[in-house]
Amino acid sequence: MWAMKAGHLLWALLLMHSLWSLPTDGAIRNYYLGIQDMQWNYAPKGRNVITNQTLNNDT
Ligand SMILES: *[C@@H]1O[C@H](CO)[C@@H](O)[C@H](O)[C@H]1NC(C)=O
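Criteria and thresholds
Residues numbered from 1 in each chain as written. Predicted model: local features only at pLDDT ≥ 70, side-chain atom pairs only at ≥ 80, totals over all residues. Helix = DSSP H or I, 4+ residues; strand = E, 2+ residues; numbered from the N terminus. Buried ≥ 20, exposed ≤ 12 C-beta atoms within 10 Å, placed from the backbone. Expected span 1.5 Å × (residues − 1).

- As recorded in an unreviewed UniProt entry, the protein chain goes by the name Hephaestin, listed as coming from Mus spicilegus.

What follows is the structure, given as structure tokens:
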């Protein structure tokens, strides 16, 4: 097992810091969202699938 001396740790931190500060490609991504009003059937089986009750019996 290798042990890192304090001086080596300092150099490693300086090297890592210089790598972190490298510029990235800076890609710009645009996402567009739309809102559409629609009818939604929340119980297509006509039952509450969790309690397995008909909608008339489901409180
Ligand atoms: C749900 O209830 C129906 C009607 O009683 C029954 O046929 C069906 O097996 C039940 N489903 C489950 C997962 O218990």
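1. Examining the overall build of the protein chain
Phase 1 of the analysis: Counting its secondary structure elements, the protein chain contains one helix and two strands.
Phase 2 of the analysis: Helices (α) and strands (β) of the protein chain occur, in sequence order from the N terminus, as α-β-β.
Phase 3 of the analysis: Across the 59 residues of the protein chain, 0% fall into the buried class.

2. Describing helix α1 (residues 6–20)
Phase 1 of the analysis: Between the first and last C-alpha of α1 there are 21 Å, a value that for 15 residues agrees with the 21 Å anticipated at 1.5 Å per step.
Phase 2 of the analysis: Here α1 lies mainly on the outside; zero of its 15 residues are buried.

3. Description of unusual backbone geometry
Phase 1 of the analysis: The phi torsion at asparagine 52 lies on the positive side, around 55°, for a residue other than glycine.
Phase 2 of the analysis: Along the chain, asparagine 52 turns up in the loop between β1 (47–48) and β2 (53–54).
Phase 3 of the analysis: C-beta crowding within 10 Å serves as the criterion here: with 9 such atoms nearby, asparagine 52 is assigned to the exposed category.

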